[in-house]
Amino acid sequence: MPMLIKPLATLAAIPALSMMIATTAAADYPEREIRLIIPFGAGGSTDIVGRTAGQPLSDRLGQPFVYENRGGAGGTVGTRSASTANNNGYTLSVGSTSTHAVGYLVHDDVGYHPIDDFEPISLIAETPYVLVVHPDSDFHSVQDVIDHAQENPGDMNFGSAGAGSTTHLSALMFNDMADVDAVHIPYEGNAEATTAVLGREIDYLFGSFPAVYSAIQNEQLRALGVGTENRASQLPDVPTVEEAGVDGYLATLWLGIFAPAGTDDDIVAQLHGEIADMIENDEAVREALRDNGAEPVFSESPDDFATLIESEIERYREIVDNIDE
Amino acid sequence: MEFIDHLALGFGIALSPETLMYCFIGVTLGTFIGVLPGIGPLATIGLLLPVTFHLPPTEAIIMIAGLYYGAMYGGSTTAILLNLPGTAASVVVALDGHPMAQQGRAGPALVMTTLVSFAAACVAIVIIALFAPPLAQFALRFGSPEYFSLMLAGLLGAAVLVNGSLIKGIAMVILGLLLGMVGQDVTSGIPRFTFGSMSLYDGMGFVVVIIGLFGLAEVLNNVALGEKRERFVGKVPWRDLVPTRKDLRDSAGATARGTGLGSLLGLLPGAGPAMSTFAAYAVEKKVAKDPSRFGKGAIEGIAAPEAANNAAAQTSFIPTLSLGVPGDATMALILGAMMMHGLVPGPQIVTSSPDFFWALIASFWIGNLLLLILNLPLVGIWIKMLSIPYRIMFPAIVTFISIGMYSLHLEIFDVFLAAGFGLVGYLFIKLRCEAAPLLLGLILGPMVEENLRRSMLISRGDFSIFFTRPISLSFLILAVFIIAIVLGPGLYRRWKARAA
């Protein structure tokens, strides 16, 4: 608001006054519980990462967090409600590649703009998409999958956590880059898609790491490649998909904390400081995130985070436009 | 005996004063929150999950498990007393439970649900302890075609469940399926029948529909009846609170059948627990010598679904614990809680954290025992609620319903939707249409559709996929069988009349 009034010299006192009020408001922040909207169902990777980071953040801020799972439409339903929430700093949301890049591009009218309608605060974690197959299958490497699919076009089934979800796009990207023709079978979520590989209903899946990690550890799933630039610290023996021969392949899910647009700058700065410090220095948090298959990362500044989102939107826009099913 | 050693280990931990206390807190809070209309196990656990973060992992999960049973039990209580079911399971329990309450037999009905829950849970716990890994593997053999065929049989079974006209039953199932189509289509992401309203994007809240069709419709009906309303007055002597010998004898078989069905269906993620109660009720009605008693306060009509529901609640932990794949939203929440406490679910959990695993198993049993102890003295208090004058009770119920509906998603739209369904439900009562089959259609509708479409994608459009897979074929044969036993007698009579 001060920005609008600033040019009016006659009202010069008002911005100063309103800024003072804003500062005092922010100084006491937070004085009551904070609502954290998680735009996916309970138990999913966004939920687990959001709550894993939310709990210690709530301890730091000295106020309880109220978690609100609002799933639907690839996370866009909950994100829409987060975009129109009161911007007093008491409603935050967890956003990800899915809600702020892919979902925004795939759905016709999500009802929000991923950058203009939010104050991005900071990244909290990044997880790879992992190419998984059933351990009894003949596929022991990324190349095995590619070879089989190329010899039998249209024969293999790949799953996803829903049409237009990030798991769907990361597989489409793979199919496109590796020149593979396979049939898409959408499921209701990550858990269902993972079960489908366990039950051998689908041949391969680019699973969200937190969702498939425990099954990989239990050797109920075989991981063939990870979508990140570097190997995952939890799976040192699994090559990246790029190493395995698909040049330029990159598919990760990043997660971060957002506030609705117009939230007080001081509150955003305070939250960013706490989150960045927590992710960088709190070993317990870092370990808890890693245990759930997520690599702790943070943004240098809120602007940094906004820039990342912008570049991701551009990258996925190309993929969504190219791969027109 | 290794099994005994394991159980001893589990009970050793679960019976320690501290663990016992958290189990007790969980069960008690769960019961009291579950009694509120519309607040089921999922909402209860969601609300109280953060509380458990400060506890050690084993205590936290045990408390959550306690909340789960407590909330389920609390739901049955209001279903029986006030015809205010909050979950699919309690919808079925209310079919005969509420008529019993109206006849002044709320005491036996409530005690019976507690006893039956405990018995069913005991059996299911032994099943978990002995057979969890192989059963989890069995559950994996259910792919999309199997789910589709199972649900088809389930929907036909639900139509059979009604009293009176079969045509009305099928109409209600289909109406439920249609209502289930509202909202965003999972396969394509396209919104359907939302009339551009964001509030309908996620479909009609299942709890909102239940509360409207049953709770509010019941209130409306009672208000309309005025002085003619069946009223329960007078005192109930203490000995009339407990079930009679005859009640116990009548429900023994029903409990056993319900437990068996529930234990099996509980293994199947998503559809299992809800379907098991409907299936158990339908089976009882079919095996009963006098099916006309059902819907008018038959004790078997409470025992079987309650047993099925509790057995299913227990065995639904099997896929969660041994595959790390949550069976439903509530299980997903429990799984998430486990992971946040650093417990990685999977078959190795039995060997890597034996103390946790066996303590959890033992606490299932103790939690159910605590429910029994907690609820027997409470039955008298719950019954007192029935003697509250209606002019006070009805506004109170409507107020609680409104609060409950609003608190689900913080949307005033849900309150109005429930009110709308209240009117529809009243219309159903006037038209003598049972609303229970509608609910199963509403729950299963989206799942049936998704599994059908997935099966078609997998088979590349070949319908034979449903007939060539043995499990799927068995369910289709069962579906035909259900139709045959319903239509059979009538057709036979007509054929005989023509032959004569």
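This structure is a prediction, so every number in the text was calculated from the model and none was measured.

Draft legend 1. Spatial organisation of the overall build of chain A. Across its full length, chain A carries 12 helices and 10 strands. Approximately 12700 Å² of chain A is accessible, and the part contributed by carbon and sulfur atoms is 48%.

Draft legend 2. Just the overall build of chain B, in detail. For chain B, the helix and strand inventory stands at 21 helices and 2 strands. Among the 500 residues that make up chain B, the fraction classed as buried is 59%. The contacts of chain B with a sequence gap of at least 6 include a subset with a gap of at least 24, amounting to 78%.

Draft legend 3. Structural context of the packing of helix α4 (residues 57-82) of chain B against helix α5 (residues 88-102) of chain B. Residues and elements named next belong to chain B. Two numbers describe how α4 lies on α5: the axes approach to 6 Å, and their chain directions differ by 45 degrees. By the angle between their directions, the pair α4 and α5 is classed as oblique. In this structure, α4 meets α5 at a crossing whose hand is right-handed. Taking contact as the criterion, the partners of Gly75, Ser76, Ala79, Ile80, Leu81 and Leu82 in α4 are, on α5, Ser90, Val93, Ala94, Gly97, His98 and Ala101.

Draft legend 4. View of a nonpolar patch on the surface. Residues and elements named next belong to chain B. Residues Ile170, Ile174, Leu175 and Leu178 make up a contiguous nonpolar surface patch of roughly 320 Å² in combined accessible area. Relative to the assigned elements, isoleucine 170 resides in helix α8 (residues 166-180). Taking the relative accessible area as the measure of exposure, isoleucine 170 reaches 34% and is therefore partly exposed.

Draft legend 5. Examining empty space enclosed by the protein more closely. Residue and element names in this part refer to chain B. Tallied over the full model, the rule gives 2 cavities of 30 Å³ or more. Space inside the largest cavity adds up to approximately 40 Å³. Of all the elements in the fold, those that place two or more residues in the lining of the largest cavity are α4 and α12 (300-315). Classifying every residue of the lining of the largest cavity gives 4 nonpolar, 3 polar and 1 charged.

Draft legend 6. Just the pattern of salt bridges, in detail. This model, assessed by the stated rule, comprises 17 salt bridges over all chains. Across the salt bridge formed by arginine 35 of chain A and glutamate 68 of chain A, the nearest N and O atoms sit 2.8 Å from each other. Separated by 33 residues along the polypeptide, arginine 35 of chain A in strand β1 (residues 34-38) and glutamate 68 of chain A in strand β2 (residues 65-69) bring together distant segments of the chain. With relative accessibility at 24%, the residue arginine 35 of chain A sits in the partly exposed group. Classification of glutamate 68 of chain A by relative accessible area gives buried; the value is 15%. Of the charged contacts, one joins lysine 246 of chain B and aspartate 250 of chain B as a salt bridge, the two residues approaching to 2.9 Å between their closest N and O atoms. Of this pair, lysine 246 of chain B and aspartate 250 of chain B both sit in helix α10 (residues 245-265), 4 residues apart, which is roughly one turn of that helix. What makes lysine 246 of chain B partly exposed here is its relative accessible area of 48%. Residue classification places aspartate 250 of chain B among the partly exposed positions, given a relative accessible area of 27%.

Draft legend 7. Just the packing of aromatic side chains, in detail. Residues and elements named next belong to chain A. Summed over the entire model, instances satisfying the criterion amount to 18 aromatic pairs over all chains. Aromatic side chains tyrosine 112 and phenylalanine 118 sit 6.0 Å apart centroid to centroid with 90 degrees between the ring planes, which places their arrangement in the edge-to-face category. With respect to burial, tyrosine 112 and phenylalanine 118 carry one shared label: buried. Measuring from ring centre to ring centre gives 5.6 Å for phenylalanine 206 and tyrosine 249, while their planes differ by 45 degrees; the resulting arrangement is tilted. Here phenylalanine 206 is found in strand β7 (residues 204-208), whereas its partner tyrosine 249 is found in the loop between β8 (222-226) and β9 (252-260), with 43 residues between them in sequence. A connected cluster of aromatic rings, assembled from ring pairs, spans Tyr112, Phe118, Trp254, Phe258 and Phe305. The positively charged end of arginine 315 is found above the aromatic ring belonging to tyrosine 316, 5.0 Å away from the centroid.

Draft legend 8. Highlighting the pairing of strand β6 (residues 183-186) of chain A. Judged by which residues are buried, β6 of chain A turns out to be covered on both faces: Val183 and Ile185 of chain A on one side and His184 and Pro186 of chain A on the other are all buried. Taken together, strand β5 (residues 157-160) of chain A, helix α7 (residues 166-178) of chain A and β6 of chain A constitute a β-α-β crossover, and its handedness is right-handed.

Draft legend 9. Representation of the nonpolar core in the model. Counting 164 residues, the largest nonpolar core has Phe317, Ile361, Phe364 and Leu444 of chain B as the members making the most contacts within it. Per element, the largest residue contribution to this core is 18 residues, and it comes from helix α6 (residues 106-140) of chain B. Non-local contacts of isoleucine 361 of chain B, meaning those with residues more than four positions away in its chain, are made with Leu7, Ile125, Ile128 and Ala129 of chain B. Core analysis: the second largest hydrophobic core is formed by 72 residues, Phe118, Ala251, Ala259 and Ala294 of chain A among them.

Draft legend 10. Up close: the environment of glycine 253 of chain B. Residue and element names in this part refer to chain B. In this structure, glycine 253 sits in helix α10. When its relative accessible area of 28% is taken as the criterion, glycine 253 is described as partly exposed. With 31 residues separating them in the primary sequence, glycine 253 and glutamate 284 have C-alpha atoms 9.2 Å apart.

Draft legend 11. Inspection of the packing of helix α10 (residues 265-281) of chain A against helix α11 (residues 283-291) of chain A at higher detail. All names here are of chain A. Following both chains from N to C, one finds α10 and α11 inclined at 75 degrees, their axes separated by 6 Å at the closest point. Considering the angle they form, α10 stands roughly perpendicular to α11. Of the residues in α11, those touching α10 at Met278, Ile279, Glu280 and Asn281 are Glu283, Val285, Arg286 and Leu289.

Draft legend 12. Summary view of the side chain of threonine 263 of chain A. On the secondary structure map, threonine 263 of chain A appears in the loop between β9 and α10. Other than its neighbours up to four places away in sequence, threonine 263 of chain A contacts Asn87, Gly89, Glu119 and Val268 of chain A.

Draft legend 13. The arrangement of helix α2 (residues 17-34) of chain B in detail. Its 18 residues place the ends of α2 of chain B 25 Å apart at the C-alpha level, agreeing with the 26 Å of an ideal helix rising 1.5 Å per residue. Every buried residue of α2 of chain B is accounted for by Thr19, Tyr22, Cys23, Gly26, Val27, Thr28, Gly30, Thr31, Ile33 and Gly34 of chain B.

Draft legend 14. Looking closely at the environment of alanine 311 of chain B. In this fold, alanine 311 of chain B is placed in helix α12. Once residues within four sequence positions are removed from consideration, alanine 311 of chain B is found in contact with Ala120, Ala124, Thr259, Gly262 and Ser263 of chain B.

Draft legend 15. Structural context of the confidence of the model for chain A. Residues and elements named next belong to chain A. Chain-level pLDDT for chain A is 84 on average; 88% of the residues reach the 70-or-more range. For chain A, the element scoring lowest by mean pLDDT is helix α1 (residues 2-5), at 41; β8 scores highest, at 95. Under a pLDDT of 50 for its full length, residues 1-24 has, in the predicted model, 9 contacts with residues more than four places off or in other chains.

Draft legend 16. View of the environment of alanine 14 of chain B. Residues and elements named next belong to chain B. Tracing the chain through its elements places alanine 14 in helix α1 (residues 2-14). Taking the relative accessible area as the measure of exposure, alanine 14 reaches 2% and is therefore buried. In this structure the C-alpha to C-alpha distance between alanine 14 and alanine 359, which are 345 residues apart in sequence, comes to 5.2 Å. Ignoring any residue separated from it by four or fewer positions in sequence, one finds alanine 14 in contact with Thr19, Leu20, Ala359, Ala362, Ser363 and Ile366.

Draft legend 17. Representation of the pairing of strand β3 (residues 91-96) of chain A in the model. All names here are of chain A. By the criterion of burial, β3 is predominantly enclosed, with 6 of the 6 residues buried. Here β3 shows two buried faces, one formed by Thr91, Ser93 and Gly95 and the other by Leu92, Val94 and Ser96. Of the pairings in the sheet, the one linking β1 to β3 comprises 3 bridges and is parallel in character. The partner of leucine 36 across the bridge, within β3, is leucine 92.

Draft legend 18. Main features of unusual backbone geometry. Looking along the chain, the bond that leaves tyrosine 29 of chain A and enters proline 30 of chain A is cis, with omega of -10 degrees. Secondary-structure assignment places proline 30 of chain A in the loop between α2 (13-27) and β1. The backbone of phenylalanine 193 of chain B shows a phi angle near 50 degrees, a positive value even though the residue is not glycine. Within the secondary structure, phenylalanine 193 of chain B sits in the loop between β2 (191-192) and α9 (206-225). Unlike most non-glycine residues, arginine 432 of chain B shows phi in positive territory, near 55 degrees.

Cut-off values and rules
Residues numbered from 1 in each chain as written. Chains lettered and ligands numbered in written order. Predicted model: local features only at pLDDT ≥ 70, side-chain atom pairs only at ≥ 80, totals over all residues. Heavy atoms only, no water. Helix = DSSP H or I, 4+ residues; strand = E, 2+ residues; numbered from the N terminus. Areas by Shrake-Rupley, 256 points an atom, 1.4 Å probe, with all protein chains shown as cover. Buried < 20%, exposed > 50% of the residue type's maximum accessible area, 1.4 Å probe, protein only. Contact = heavy atoms within 4.5 Å. Axes fitted to C-alpha atoms, helices over the stretch in contact; angles between N-to-C directions. Parallel < 35°, antiparallel > 145°, perpendicular 65-115°, else oblique. Left-handed = near helix turned anticlockwise from the far one by under 90°. Patch = residues over 30% accessible without salt bridge, like charges linked within 9 Å, V, L, I, M, F, W, Y side chains within 5 Å. Salt bridge = Lys/Arg side-chain N within 4 Å of Asp/Glu carboxyl O. 1 Å grid on protein atoms, 1.4 Å probe; cavity = no way out; pocket = protein on both sides within 12 Å on 5 of 7 lines; lining within 4 Å. Points joined across faces, edges and corners; volume = space filled by probe spheres on them. Nonpolar A, V, L, I, M, F, W, Y, C, P; charged D, E, K, R; others polar. Phe/Tyr/Trp six-rings, centres within 6.5 Å; stacked < 30°, edge-to-face > 60°. Lys NZ or Arg CZ within 6 Å of the ring centre and 35° of its normal. Right-handed = clockwise from strand over helix to strand, strands pointing away. Core = buried A, V, L, I, M, F, W, Y, C linked by side-chain atoms within 4.5 Å. Expected span 1.5 Å × (residues − 1). pLDDT = per-residue confidence, 0-100. Pairing = 2+ DSSP bridges.

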